[in-house]
Amino acid sequence: MTILLHEKLKLRYPIIQAPMAGGITGPELVSAVSKSGCLGSIGAGYMKPGDLSSLISEVKAETELPFAVNLFVPESQNVSESEIKVAYDALQPYRGELGISETMPALQEMASPYHEQLEIVLRENVPVVSFTFGMPASEEVRELKNQGVFIIGTATSVMEAILLEDRGVDAIVAQGSEAGGHRGTFSGPSSQHLLGLMSLVPQICDFVSVPVIAAGGIMDARSFRAALQLGAQAVQMGTAFLTTHESSAHPAYKEAVLNAREDQVVVTAAFSGKEARGIKNQFIHGMENETRILPYPLQNELTKSIRKAAAEQNDAEFMSLWCGQSPRLSRSQSVEELVNSIIHANKEART
Ligand SMILES: Cc1cc2nc3c(=O)[nH]c(=O)nc-3n(C[C@H](O)[C@H](O)[C@H](O)COP(=O)(O)O)c2cc1C
């Protein structure tokens, strides 16, 4: 008999709350999701190692149930001081608009926290670790497996899924083009990896033998059922959890998602240098034809002060409003209400 993914992870329901880096997945959200019978995930992407350690302890203090930590596989970029200066200057109108005065950040000295974060998840015995933007190294996979950690990779094409399976991951998130947030693409230009979930999930299912988790535009029982019907063993939902009461997303951000239309959601590299899906605002509009954008993670570092000032000033026009393609289906509700609505509607549909 096949053991399903959620049974392996000791979950009541095959639902994973997407890791959402940038301060959204605090202890309240992650623990509420795990307590609801699903898998809560910490989006550790940009976190300082010390902050990640504290957050893991806070989640553990709330629940003994399993949860995941998500890491960004690092990418190194070689850019010159003059290229940095040009991209920095291109952002001056936005800093001016928000009244920011700062000196250019020393990007050359930027180091990824990835290896230290990985040490922490191993030390803290985190049961599930997921990755995006690339594949963990073979030695890292071996080390995680030796410790019994369940490993999840992210793919936006069949080729990426095959590479991840070969690397030894235990399950694969198939991230459709509907998905909010950054594209997880690591095998070529992300503009060539914008496959809808309807195409992506069954094709990945046919080419790998590990369980597939569908992500992108899944908001309610209808899309949950559809994803399972396509062959996924579980779903990963970001936008739907972002507007829950327990999420730590900025109130203006939640409002923007709750009021957005599907045709306002676009893919942009302006905030971080890597394509991500979010609600079009004044910043994205202004940067539309801008070519002076650094690759990720450098652009992300350059726009940090803008995003921070915008949050302090409650100004959603300059925040990164990552959001999937189904914002009209978002609700202001508790995690329990969201999960119950999916599970109960699903049960009713089956009877
Ligand atoms: C605000 C936000 C932040 C995200 N951050 C991450 C992240 O840190 N790591 C990751 O693997 N995926 C991240 N994602 C992508 C999700 O894993 C998932 O692919 C996406 O949320 C699915 O689409 P949906 O938002 O329509 O549910 C993020 C998504 C959103 C909406």
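Look up a bit, the structure's there.
Residues numbered from 1 in each chain as written. Predicted model: local features only at pLDDT ≥ 70, side-chain atom pairs only at ≥ 80, totals over all residues. Heavy atoms only, no water.

1. Some points on the sheet that holds strand β11 (residues 276-279)
Strand order in this open sheet of 3 strands is β7-β11-β10, and the pairing throughout is antiparallel. Each edge of the open sheet carries a strand with a single partner, namely β7 (181-182) and β10 (265-268). (Pairing = 2+ DSSP bridges. Helix = DSSP H or I, 4+ residues; strand = E, 2+ residues; numbered from the N terminus.)

2. Quick notes on the site of the ligand
Taken together, 23 residues lie around the ligand, and P19, N70, G217, G238 and T239 are the ones closest in. A21 places a polar main-chain atom, nitrogen or oxygen, 3.1 Å from an oxygen atom of the ligand. Take G238: an N or O atom from its main chain is 2.9 Å from an oxygen atom of the ligand. For the shell around the ligand, the elements supplying multiple residues, two or more each, are β3 (67-72), β9 (234-237) and α11 (239-242). (Near = heavy atom within 4 Å. Polar contact = N/O pair within 3.5 Å; in protein donor to acceptor, adjacent residues only side chain to side chain.)

3. Some words on the packing of helix α2 (residues 27-35) against helix α3 (residues 49-62)
Packing of α2 against α3 leaves a shortest axis separation of 9 Å and a crossing angle of 40°. In this view, α2 runs oblique relative to α3, as classed from their interaxial angle. Crossing handedness for the pair α2 and α3: right-handed. Along its contact with α2, which presents P27, V30, S31 and K35, the element α3 presents L55, E58, V59 and E62. (Axes fitted to C-alpha atoms, helices over the stretch in contact; angles between N-to-C directions. Parallel < 35°, antiparallel > 145°, perpendicular 65-115°, else oblique. Left-handed = near helix turned anticlockwise from the far one by under 90°. Contact = heavy atoms within 4.5 Å.)

4. Looking at the side chain of T239
As for its placement among the helices and strands, T239 is situated in helix α11. With relative accessibility at 9%, the residue T239 sits in the buried group. At 2.8 Å, the side chain of T239 and the backbone nitrogen of G324 are in polar contact. When near neighbours in sequence (up to four residues on either side) are disregarded, T239 contacts M219, V257, C323 and G324. (Buried < 20%, exposed > 50% of the residue type's maximum accessible area, 1.4 Å probe, protein only.)

5. Some remarks on the sheet that holds strand β6 (residues 171-175)
Within the open sheet, the 8 strands sit side by side as β1-β9-β8-β6-β5-β4-β3-β2. Their pairing is parallel. Sheet topology places β1 (15-17) and β2 (40-43) at the edges, where each strand pairs with a single neighbour. Neighbour-to-neighbour, the strand axes of the sheet open up by a mean angle of 25°, direction not taken into account.

6. Section: the packing of helix α8 (residues 158-167) against helix α9 (residues 197-207)
Between α8 and α9, whose axes approach to 9 Å, the crossing angle comes to 40°. Between α8 and α9 lies a crossing of right-handed hand. Across the interface between the two elements, V158, A161, I162 and E165 from α8 touch Q203, I204 and F207 from α9. Of the residues assigned to the contact of α8 with α9, the class counts are 5 nonpolar, 1 polar and 1 charged. (Nonpolar A, V, L, I, M, F, W, Y, C, P; charged D, E, K, R; others polar.)

7. Re the packing of aromatic side chains
Counted under the stated rule, the structure contains 8 aromatic pairs. Pairing F72 with F133 gives two aromatic rings, centres 4.4 Å apart and planes at 35°, and the pair type is tilted. Note that F72 is positioned in strand β3 and F133 in the loop between β4 (128-132) and α7 (138-146), a separation of 61 residues in sequence. With respect to class, F72 is no different from F133; both count as buried. Seen in terms of ring centroids, F271 and W322 are 5.7 Å apart; in terms of plane orientation they differ by 85°. Their pairing is edge-to-face. With a gap of 51 residues between them, F271 in the loop between β10 and β11 and W322 in the loop between α15 (304-312) and α16 (335-350) connect regions that are remote in the sequence. The two residues F271 and W322 agree in class, both being buried. Of the aromatic side chains, those joined through ring pairs into one cluster are Y94, F271, F283, F318 and W322. In this structure, R95 is placed above the aromatic ring of Y88, and the distance from its NZ or CZ to the ring centre is 3.6 Å. (Phe/Tyr/Trp six-rings, centres within 6.5 Å; stacked < 30°, edge-to-face > 60°. Lys NZ or Arg CZ within 6 Å of the ring centre and 35° of its normal.)

8. Regarding α16
Along an α-helix, residues three or four apart share an orientation, since each turn contains 3.6 residues. Helix length check: α16 (16 residues) gives 23 Å between terminal C-alpha atoms against 22 Å at 1.5 Å per residue, within 8%. Within the sequence span of α16, burial applies to V335, L338, V339, I342, I343 and N346. Buried residues of α16 fall within an arc of 115° about the axis and therefore sit on the same side. When the buried face of α16 is taken as reference, the exposed residues oriented beyond 90 degrees from it are E336 and E348. (Expected span 1.5 Å × (residues − 1). Arc of directions from axis to C-beta.)

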